[in-house]
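Chain by chain, the residues:
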Amino acid sequence: MEPKISIIVPVYNSEKFLKRCIDSVLSQTHQNIEIILVNDGSIDKSSEICDLYAKKDNVKVEHIKNSGAGGARNVGLRLATGDYISFVDSDDWIHPEMLKTMLSTCQENGVSLVECDLVRVKSHLKIPNIENKYSVIIKSRIESLKQILLDQRFSVVVRLYKKELLNDIFFQENIMSEDVYFTLEVFGRISTLAVIPNKFYYYFLNTESVSKKPYSVKKLDTIDSALFIQNEILKNENDTELIETTRKFVMEILMINYTELQYLSLIHISEPTRQAEI
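Given the structure is predicted, the values throughout are model-derived calculations rather than measurements.

1. Brief notes about the packing of helix α3 (residues 68-79) against helix α6 (residues 178-187)
Orientation of α3 relative to α6, taken along the N-to-C sense of each, is 45°, at an axis distance of 10 Å. By the angle between their directions, the pair α3 and α6 is classed as oblique. Contact with α3, carried on its side by Ala69, Gly70, Arg73 and Leu77, involves Glu178, Asp179 and Phe182 of α6 and no other residues of that element. Here the residues of the contact of α3 with α6 are counted per class, giving three nonpolar, one polar and three charged.

2. Re the packing of α6 against helix α7 (residues 221-236)
Following both chains from N to C, one finds α6 and α7 inclined at 15°, their axes separated by 9 Å at the closest point. What the angle tells us is that α6 and α7 run roughly parallel. Where α6 crosses over α7, the handedness of that crossing is right-handed. Contacts between α6 and α7 involve Val180, Tyr181 and Leu184 on the former and, on the latter, Asp224, Ser225, Phe228, Ile229 and Glu232. Looking at the contact of α6 with α7 residue by residue, the class counts come to five nonpolar, one polar and two charged.

3. Focus: the pairing of strand β8 (residues 159-162)
Every other side chain in a regular strand lies on the same face of the sheet, so the side chains alternate between the two faces. The pairing of strand β4 (residues 84-87) with β8 spans three bridges and is classified as antiparallel. Bridging across to β8, Ile85 finds its partner in Tyr161. Summarising the sheet, strand β6 (residues 113-121) and β8 pair through three bridges and their orientation is antiparallel. Its bridge partner being in β8, Val114 is matched across the sheet by Leu160.

4. A short note on helix α2 (residues 46-53)
Along α2, the residues that are buried comprise Ser46, Ile49, Cys50 and Tyr53. Taken around the axis of α2, the buried residues stretch over an arc of 100°, which confines them to a single face. In this structure, the buried side of α2 is in contact with β1 (5-11), α1 (18-26), β2 (33-40) and β3 (59-64).

5. Description of the pairing of β4
Along β4, one buried face is formed by Tyr84 and Ser86 and the opposite face, lined by Ile85 and Phe87, is buried too. Here four bridges tie β1 to β4, and the two strands are oriented parallel to one another. Pairing of Ile5 across the sheet is with Tyr84, part of β4.

6. Comments concerning the pattern of salt bridges
Enumeration over the complete set of coordinates arrives at 10 salt bridges. Linking Arg153 and Asp117 is a salt bridge whose minimum nitrogen-to-oxygen distance equals 2.6 Å. Of this pair, Arg153 sits in the loop between α5 (141-151) and β8 while Asp117 is found in strand β6, placing the two residues 36 residues apart along the sequence. We note a salt bridge from Glu241 to Lys146, for which the minimum N-O separation is 3.4 Å. You can see Glu241 sitting in helix α8 (residues 240-277) and its partner Lys146 sitting in helix α5, a full 95 residues away along the chain. Since its relative accessible area comes to 14%, Lys146 is described here as buried. Taken together, the salt bridges that share partners define one network made up of Arg73, Asp89, Glu178 and Asp179.

7. A look at the side chain of Asn32
Tracing the backbone shows Asn32 in the loop between α1 and β2. On the accessibility criterion, Asn32 (17% relative accessible area) is buried. When neighbours within four sequence positions are excluded, Asn32 is seen to be in contact with Met1, Glu2, Pro3, Lys4 and Ile5.

Rules behind the numbers
- Residues numbered from 1 in each chain as written.
- Predicted model: local features only at pLDDT ≥ 70, side-chain atom pairs only at ≥ 80, totals over all residues.
- Heavy atoms only, no water.
- Axes fitted to C-alpha atoms, helices over the stretch in contact; angles between N-to-C directions.
- Helix = DSSP H or I, 4+ residues; strand = E, 2+ residues; numbered from the N terminus.
- Parallel < 35°, antiparallel > 145°, perpendicular 65-115°, else oblique.
- Contact = heavy atoms within 4.5 Å.
- Nonpolar A, V, L, I, M, F, W, Y, C, P; charged D, E, K, R; others polar.
- Left-handed = near helix turned anticlockwise from the far one by under 90°.
- Pairing = 2+ DSSP bridges.
- Buried < 20%, exposed > 50% of the residue type's maximum accessible area, 1.4 Å probe, protein only.
- Arc of directions from axis to C-beta.
- Salt bridge = Lys/Arg side-chain N within 4 Å of Asp/Glu carboxyl O.

What follows is the structure, encoded as structure tokens:
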């Protein structure tokens with residue numbers, strides 16, 4: 001029997017896009033799947049949509065009080081019965097061949113973790129063309145960490161995990177950088193992973209999404225997560241290039257936050273001035 005894959009979808013106020021997301025998972029060419037929809041205290045019709053799909057045999061639905069994506073994913077991890085774990089955000093969607101290709105890549109290369117690429121999409125009607133051919137690159141943990149830092153791509157949605165790899169690993173809750181801590185802990189358990197260049201994940205540029213909204217002070221926790229990465233790398237790794245890449249990453253995060261905060265302060269200062277002139 002084919003291995004089962006559990007796909008965990010945290011759901012929060014995504015009624016406009018949720019059906020597209022769920023349908024894309026149900027349309028996977030790998031059929032032995034369970035979809036775990038965790039409704040994270042939505043106040044729109046997302047809850048009703050989840051319950052509609054709960055009638056399907058391979059869909060589980062759990063309704064919880066709002067606890068953020070990290071809390072919702074943790075509920076999904078505890079409910080998952082699959083041999084492999086995947087995460088999809090409720091306003092995004094995935095290519096029909098994504099799970100089948102990533103699973104076969106894991107099995108054929110004897111790894112517990114495989115990563116694909118994503119494409120950013122502005123219109124929910126646009127379906128990018130995907131090249132079916134792909135080549136597998138086996139990377140070391142160190143090499144992959146360098147690339148993640150350079151690309152600032154900690155997101156869990158582009159990876160398929162063997163379930164045993166995630167034993168006792170959970171997301172931090174009520175923060176915006178939960179993927180950073182989770183990814184670093186997972187990478188501490190591997191020596192290699194497989195990477196395929198296919199853009200199987202469709203990342204929808206939805207400005208209503210918490211993670212995709214313009215800058216707010218809530219995003220200051222990116223500084224905490226960056227400093228956490230630096231401390232962990234300095235403590236556990238001795239690769240000089242990785243350490244230097246980490247330091248540059250931290251500086252970049254600090255500069256991004258500084259620049260954005262300056263911009264916000266200028267807006268708040270100029271707004272009363274404009275009102276006074278009127």
